[in-house]
Amino acid sequence: MFATIIDWLNTALYSYVLIILLILGGIYFTVRTRFAQFRLLGKQFKAVTEKNGSGVSSFQALMVSTASRVGTGNIIGVATALCVGGFGSVFWMWVIAIIGGATAFVESTLAQIYKKRGKDGCYGGPAYYIEAAFKGKKGVAILFTVFLILTYGIGFNMLASYNLQSTFSTYSFYNADITPWIIGFVIAALVCYCLMGGGKRIVSVTGVLVPIMGALYIVVALVLVIINAKMLPDVFRQIFVGAFDFRAIFGGFGGSCVMYGIKRGLFSNEAGVGSAPNAAASADIDHPVKQGLVQTLSVFIDTIVVCTATAFMCMTSGVTPPTTSAEAASYVQASLSVTLGGVGPIFITVAMVLFAFTTLLGNLFYVDKAINYLLGKEPTKLVRNICYVVASLIIFVGAGLSADMLWNIADVLMGGMTIINIPVILYLGKYAYRALRDYEHKSAEGLKMTFCKKDIGLTDETDYWN
């Protein structure tokens, strides 16, 4: 009965509500920012390299948000879309990323404007600008925060755990009844150990290895696409034919390429969900727009670069995708095996272990900050450790559950965050557009880059920009 309810909610959200919010909202933000995601691409790269204060730099904030975005969804999520939604889903992933860049700009700029001053620097996120939108009333902000905790502490982490263990399914030692639970226990124990402060060396090592693996993953994908370049014309044909096969789309919209492209695109780049603004608010910069531009670039890196690399690597291999989400991991591994032989599955397994581990820790970082907001203070060490144990148990359980149920749970919870976040940034967006005009004026005139809230007509109380 639970699975039926989740499936119904999932279909309702992505067949109607979120398609309207994400696509029409993204188009609106694109127009209001005058196509900032394309027009200001050069300034996006420039903003990444700048460091203005002694706190977190724009680059560091980009790495935090990109680490959260780039993970199992870029591999297994994309493969799932190809398996269930078809090759046409890639086109709709591109669409949701292209217009989502403007959405990411607005929400991250607002997070910077409304950020708070803490003992270790600045912090913030959607909860704070949602509270400001409702004139200090916390009800909706608390609801959003609860959804964030459920999404990242339960939905995404259970799914990441499942995706990780599923990459072992092609090996001879894998037993579907036992192996998932063993792998789930190992990863849960490691995460718990790191969360409680004992795994600093593990975290530091993975912090170095993950960017290297991410770069290596993209290089390997590009090499495989070049090797199989003769397949590219047919791949592009299948993408566009599938994307505009309206008879198939409207004949079964719940399983169409449009819905799976939007779902997996949103799961991957999170533009409009309200997660990346938590990282964006931590940057110590001289103008809020710079972090909006940085987060726009993060969406581009995640979907247009990494997700496309996965999709083309699989599609040019010539391997026919299976039709169930449970076989997505084996589809990726089979695609690599065509060119790389036995090395292919091992490479994907190593990449997934590293991506999943840092994704799990990154998700719980967001949960940690959300709990602080709900309590209005830092929790005691006992409360924090209890939360860590519960989070680790959730990771353990996720490894052994059904793939379809886990994807549906994650999609519904993520949808709940999006439904709250996008209407709020539509309402507050005027301040982001005014800030953008202020930034462009000062940049064009060669003026010193400063920002004051009165320049955009903001009268709300803020900790910064006064």
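What this report covers is the structure whose coordinates are included nearby.

1. Comments concerning the overall build of the protein chain
Across its full length, the protein chain holds 19 helices and two strands. Scaling as 2.2 N^0.38, a compact globule of 466 residues should have a C-alpha radius of gyration of about 23 Å, and the protein chain matches this with 21 Å. Its C-alpha atoms put the protein chain at 65 × 55 × 40 Å along the principal axes. Counting over 466 residues, the protein chain shows a buried share of 58%. The contacts in the protein chain between residues at least 6 apart in sequence include a share of 82% that link residues at least 24 apart. Separation between the mean location of the 33 positive side-chain charges and that of the 24 negative ones in the protein chain comes to 6 Å.

2. A few points about the packing of helix H9 (residues 179-195) against helix H18 (residues 381-398)
When two helices pack together, you describe them by how their axes are tilted relative to each other and by the distance separating the axes. Contact geometry for H9 and H18: axes closest at 8 Å, N-to-C directions at 160°. The pairing of H9 with H18 is recorded here as roughly antiparallel in orientation. Judged by the twist between their axes, the crossing of H9 over H18 is right-handed. For the pair H9 and H18, contact is made by Trp181, Gly184, Phe185, Ile187, Ala188, Val191, Cys192 and Leu195 and by Tyr388, Val389, Ser392, Ile395, Phe396 and Val397, respectively. Considered class by class, the residues forming the contact of H9 with H18 number twelve nonpolar, two polar and no charged.

3. Let's talk about the side chain of Asn372
Along the chain, Asn372 turns up in helix H17 (residues 343-375). Ignoring anything within four residues of it in the chain, the contact list for Asn372 reads Lys377, Glu378, Pro379 and Arg384.

4. Section: a positive patch on the surface
On the surface, Arg32, Lys135, Lys430, Arg434 and Arg437 cluster together into a patch of positive charge. If one sorts the elements of the positive patch by residue count, helix H19 (residues 403-445) sits on top with three residues. Inspection of the secondary structure puts Lys430 in helix H19.

5. Considering helix H15 (residues 288-315)
An α-helical segment advances 3.6 residues per turn. Residues three or four places apart therefore align on the same side. When the terminal C-alpha atoms of H15 are compared, their 40 Å separation across 28 residues agrees well with the 40 Å that a helix rising 1.5 Å per residue should span. The principal kink in H15, of about 30°, is found at Thr308. Among the 28 residues that make up H15, 24 are buried, leaving the element largely enclosed by the rest of the structure.

6. Re the environment of Thr316
Positionally, Thr316 belongs in the loop between H15 and helix H16 (328-340). For the pair Thr316 and Ala229, spaced 87 residues apart in sequence, the C-alpha separation works out to 7.3 Å. The contact partners of Thr316, leaving out residues within four places of it in the chain, are Leu224, Val225, Asn228, Met231, Leu232 and Val235. Here Phe312 takes part through its backbone oxygen, which lies 2.7 Å from a polar atom of the side chain of Thr316.

Conventions used here
- Residues numbered from 1 in each chain as written.
- Predicted model: local features only at pLDDT ≥ 70, side-chain atom pairs only at ≥ 80, totals over all residues.
- Heavy atoms only, no water.
- Helix = DSSP H or I, 4+ residues; strand = E, 2+ residues; numbered from the N terminus.
- Rg over C-alpha atoms; globule rule 2.2 N^0.38 Å.
- Buried < 20%, exposed > 50% of the residue type's maximum accessible area, 1.4 Å probe, protein only.
- Contact = heavy atoms within 4.5 Å.
- Lys, Arg positive; Asp, Glu negative; His and termini not counted.
- Charge placed at Lys NZ, Arg CZ, Asp CG, Glu CD.
- Axes fitted to C-alpha atoms, helices over the stretch in contact; angles between N-to-C directions.
- Parallel < 35°, antiparallel > 145°, perpendicular 65-115°, else oblique.
- Left-handed = near helix turned anticlockwise from the far one by under 90°.
- Nonpolar A, V, L, I, M, F, W, Y, C, P; charged D, E, K, R; others polar.
- Patch = residues over 30% accessible without salt bridge, like charges linked within 9 Å, V, L, I, M, F, W, Y side chains within 5 Å.
- Areas by Shrake-Rupley, 256 points an atom, 1.4 Å probe, with all protein chains shown as cover.
- Salt bridge = Lys/Arg side-chain N within 4 Å of Asp/Glu carboxyl O.
- Expected span 1.5 Å × (residues − 1).
- Bend = angle between axes of the 7 residues up to and from the residue.
- Polar contact = N/O pair within 3.5 Å; in protein donor to acceptor, adjacent residues only side chain to side chain.

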